[in-house]
Amino acid sequence: MFVLKRSKHNPIIQPVRQHRWESFATFNWSPLQDGDTLHCLYRAMSLPEAMKDGSVAGMSVVGYAKSRDGVEFEDRRILVEPEEEWEKYGCEDPRITKIDGKHYIFYTALSEYPYKAEGIKVAVAISNDLKNIDERHLVTPFNAKAMAMFPEKINGKFTVIFGVNTDTPPAKIAIAQFEREEDLWNKEKWEDWYKDLDKNTIDPRRSPKDHVEVGAAPLKTEHGWLLIYSHIKNYFGEGPRVFGIEALLLDINDPRKIIGKTKNPIMVPELSYEKYGHLPNIIFPSGAIIRKGNVEIYYGGADTLSCRAKVNLNNLVESMLPDLVAEKIKRFKDNPILLPKPENAWESKYVFNPGAIDLEGVVYILYRAMGEDNVTTIGLATSKDGIHIDERLNEPIYVPRELFESKGCEDARIVEMEGRLYMSYTAYDGVNVPRIAVTSILKEDFINRQWKWEPPALISQAVLMDKNACILPKKTDDGYMIYHRMGQSICYDFIDSLDFSKEKLNKCIPLLLPRYGMWDSKKVGISAPPFICDVGWMLLYHGVGEDNVYRIGAALFDKDNPTNLVATTSAPILEPEFDYEKIGQVPNVVFPCGTVLRDGIVYIYYGGADSVVGGATVKIDDLIKMFDNLWNYTDTKK
């Protein structure tokens, strides 16, 4: 469970038209924290200009800037520019490491134009003071890019990680070690190393169609070397490419061993400065530091701008090493807690997608039930401790009453407002698109099991399918807020009163969208109604990826303005793992419609594979910590 948050100051370093050398683009930056000063090197590109062969292209150099607060940068100047034949067409994408008082600046050197694989190699510049370059060398005699040095020697050896054959795929991420500094640019040493290339490579790809490149210089953690890198999905496939940022954990003594990795991208292009620019829809991680418990990721946006994001270090590492840390989301030991009952025709086939509410010390679980006639109704089970079922009624508490719901009342979500319980659900007649219906009942009648539900009212439009609705359980200055899903996204609207015989949803204001390339890339919808906590409104939502798996994430909204999205989890907090979640009416589904917050614990009630009901718990503090560390942390060091 972790959240990645972009800096509110993005983009941080932008081109300066008055500086010819950085007039077009400033991106792929690499940081070095030295006391109170943050040094950053970046790729600076001029506006297109005439080359020696008469063609027109921009020239890249390595720029320098420094900052004390991480936001305002000064002393911008060229640090490395072409001088040698092997770099005469550009110096790109620097990565800086400081060892024994020396700054090692690795960069991509271009010796030919038009660019060819044999003219794209790694070079290094060495500086003692980041003002002057004391020496520079061509490092690799073969095609390579993106070399970064580990910030300390491993087993007494200089260690570098980089991409080999990046322009003559299949590319490989490789690791090399040398006893002496001068061996880093020793051609014979490299030729001997290359003979055993396959013994010195790691492969974090999920598919042969994918492509990977080294990102930032590795960071040392107590669990291993953390490598933030670029994973490009479908680079060699026919479908669209997705430039994602991911993470690896490498063994502290043998970095050729991968001991953990993220399952999916932790970040993909989403915002305008990542989607539009010199090369659109690209984010590329070129640097990272650990500061105040967070990993700060320095990346290029659309090969044009320098940007930053941050993620809590512990949360990120725990997601990569689940066997070494305590499980934060814990399923009920007796899952599934509700199964179909063959003796009851109305719930003989499936029971799933439960809503829930805590009333006077009892948790009421309102579940969707289906019999052989495939008509869905709402059943009820109760639990005093929130985990074990104490009672389950033999008759449904809510059945279709109107023609517009003749085929079913689906996925109930229930909230308490002003002495009444309001239940929103999906109404379906088997002919028209599913629509949102709402009914209500006095709290007292519900507890006494006097099922005096108000006549249901359709509140969504008849044009498009509209589902996954609930009411924010607190009136706002703009009225009553209704969450719902039209199409593939979560949206909202406001109504003036809770008289649903008159109130209708007229808008679908986008609130949370699918993130192409992430675990929630195809569609998103709310799960349980949001609940208030110390840092804001917490909303659990479901997301569906390209693999058609339903997973659960969390989104945080501003306490005073619940239409303002603060952050969304970068990884799901719950996903199908067990047979009762993976095998059933709809495979690979966890789908909650209800949560209960009691004594610092969030109880999550969900449907497994659209067939059974399960439950899980998570400490509210663990959910809050995902957001709180980033929410309170500023971009400044002070």
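Residues numbered from 1 in each chain as written. Predicted model: local features only at pLDDT ≥ 70, side-chain atom pairs only at ≥ 80, totals over all residues. Heavy atoms only, no water.

Trainee: Help me get a handle on the overall build of the protein chain, residues and values and all.
Mentor: For the protein chain, the count of helices and strands is 6 helices and 44 strands. Here the C-alpha radius of gyration of the protein chain, 28 Å, is about what a compact globule of 638 residues would show, namely 26 Å. The dimensions of the protein chain, computed from C-alpha atoms along their principal axes, are 85 × 45 × 45 Å. Sequence separation of at least 24 residues holds for 53% of the intrachain contacts in the protein chain that already meet a minimum separation of 6. Of the accessible surface of the protein chain, which amounts to about 25,500 Å², a share of 47% is contributed by carbon and sulfur atoms. Each charge class in the protein chain can be summarised by its mean position, and for the 78 positive and 92 negative side chains these summaries are 1 Å apart. (Helix = DSSP H or I, 4+ residues; strand = E, 2+ residues; numbered from the N terminus. Rg over C-alpha atoms; globule rule 2.2 N^0.38 Å. Contact = heavy atoms within 4.5 Å. Areas by Shrake-Rupley, 256 points an atom, 1.4 Å probe, with all protein chains shown as cover. Lys, Arg positive; Asp, Glu negative; His and termini not counted. Charge placed at Lys NZ, Arg CZ, Asp CG, Glu CD.)

Trainee: Explain a positive patch on the surface to me, using residue names and the numbers behind them.
Mentor: Residues K330, K333, K619 and K625 make up a contiguous surface patch of positive charge. Relative to the helices and strands, K333 resides in the loop between β24 (330–331) and β25 (350–359). For K333, a relative accessible area of 86% corresponds to the exposed category. (Patch = residues over 30% accessible without salt bridge, like charges linked within 9 Å, V, L, I, M, F, W, Y side chains within 5 Å. Salt bridge = Lys/Arg side-chain N within 4 Å of Asp/Glu carboxyl O. Buried < 20%, exposed > 50% of the residue type's maximum accessible area, 1.4 Å probe, protein only.)

Trainee: Which residues make up the packing of aromatic side chains, and what values do they have?
Mentor: Following the criterion strictly, the structure yields 28 aromatic pairs and no others. Summarising the aromatic geometry, the rings of F142 and Y194 are spaced 4.8 Å apart at their centres and angled 40° between planes, so their arrangement reads as tilted. One end of the pair, F142, is in the loop between β11 (135–138) and β12 (144–149); the other, Y194, is in helix α1 (residues 187–195), with 52 residues separating them in the sequence. Y194 gets classed as partly exposed once you look at its relative accessible area, which sits at 31%. Pairing Y550 with F591 gives two aromatic rings, centres 6.2 Å apart and planes at 55°, and the pair type is tilted. Here the residue Y550 occupies a position in strand β40 (residues 550–557), and F591 occupies one in strand β42 (residues 590–598), the gap between them amounting to 41 residues. The class for F591 is buried, based on a relative accessible area of 6%. Site record: aromatic cluster; members linked through ring pairs are F142, F162, F178, W190, W193 and Y194. (Phe/Tyr/Trp six-rings, centres within 6.5 Å; stacked < 30°, edge-to-face > 60°.)

Trainee: Mind laying out empty space enclosed by the protein, listing which residues take part and the relevant values?
Mentor: Following the criterion strictly, the structure yields 1 cavity of 30 Å³ or more and no others. Each pocket or cavity is described by its volume, and for the largest cavity that value is around 30 Å³. (1 Å grid on protein atoms, 1.4 Å probe; cavity = no way out; pocket = protein on both sides within 12 Å on 5 of 7 lines; lining within 4 Å. Points joined across faces, edges and corners; volume = space filled by probe spheres on them.)

Trainee: I'd like a description of the side chain of R598, backed by residues and values.
Mentor: Positionally, R598 belongs in strand β42. Residue classification places R598 among the buried residues on the basis of a relative accessible area of 15%. In contact with R598, not counting residues within four places along its chain, are D358, G361, V362, V363, K384, D385, G386 and Y603.

Trainee: Any chance you could break down the pairing of strand β37 (residues 523–526) for me, citing the residues and the numbers?
Mentor: Burial of the side chains of β37 extends over both faces: K523 and G525 are buried on one face and V524 and I526 on the other. Pairing of β37 with strand β39 (residues 536–544), which is carried by 4 bridges, proceeds in the antiparallel orientation. Across the sheet, K523 pairs through a bridge with V544, a residue of β39. (Pairing = 2+ DSSP bridges.)

Trainee: I'd love a proper account of the sheet that holds strand β33 (residues 466–471), names of residues and values included.
Mentor: Strands sit in the order β33-β34-β35-β36 across an open sheet of 4 strands; the sheet is antiparallel. Each edge of the sheet is formed by a strand with only one pairing partner; in this case those strands are β33 and β36 (509–512). Ignoring which end each strand starts from, the neighbouring axes of this sheet average 35° apart. Pairing of strand β34 (residues 480–486) with strand β35 (residues 489–495), which is carried by 7 bridges, proceeds in the antiparallel orientation. Within the sheet, the bridge partner assigned to M486 lies in β35 and is S489. (Axes fitted to C-alpha atoms, helices over the stretch in contact; angles between N-to-C directions.)

Trainee: Outline unusual backbone geometry, supporting the account with residue identities and numerical values.
Mentor: Apart from glycine, the bulk of residues carry a negative phi angle, and the bulk of peptide bonds sit in the trans form. P114 follows Y113 through a cis peptide bond whose omega is 0°. Take P114: it is sitting in the loop between β9 (102–110) and β10 (120–127). P336 follows N335 through a cis peptide bond whose omega is -10°. Topologically, P336 is positioned in the loop between β24 and β25. Even without a glycine there, the phi angle at N155 is positive, about 55°. Assignment of secondary structure puts N155 in the loop between β12 and β13 (158–164). Phi is positive for A302, close to 55°, though the residue is something other than glycine. Counting through the fold element by element, A302 comes out in the loop between β22 (294–301) and β23 (305–312).

Trainee: Which residues make up the nonpolar core, and what are the values?
Mentor: Counting 28 residues, the largest nonpolar core has I329, M538, I573, L623 and F627 as the members making the most contacts within it. Considering each element in turn, this core owes the most residues, 5 residues, to helix α6 (residues 620–632). F627 has contacts with V3, M538, A554, A555, L556, A567, T568 and T569, leaving out every residue within four places of it along the chain. Counting 27 residues, the second largest nonpolar core, distinct from the first, contains V295, Y299, L313 and M320. (Core = buried A, V, L, I, M, F, W, Y, C linked by side-chain atoms within 4.5 Å.)

Trainee: Explain the sheet that holds strand β8 (residues 91–99) to me, using residue names and the numbers behind them.
Mentor: Here 4 strands make up an open sheet; going across it, the order is β8-β9-β10-β11 and the pairing antiparallel. Either end of the sheet is taken by a strand with one partner, and the two such strands are β8 and β11. Along the sheet, successive strands turn relative to each other by an average axial angle of 20°, direction set aside. Relative to β10, β9 runs antiparallel, the two sharing 8 bridges. In the strand pairing of β10, F106 is matched with V124.

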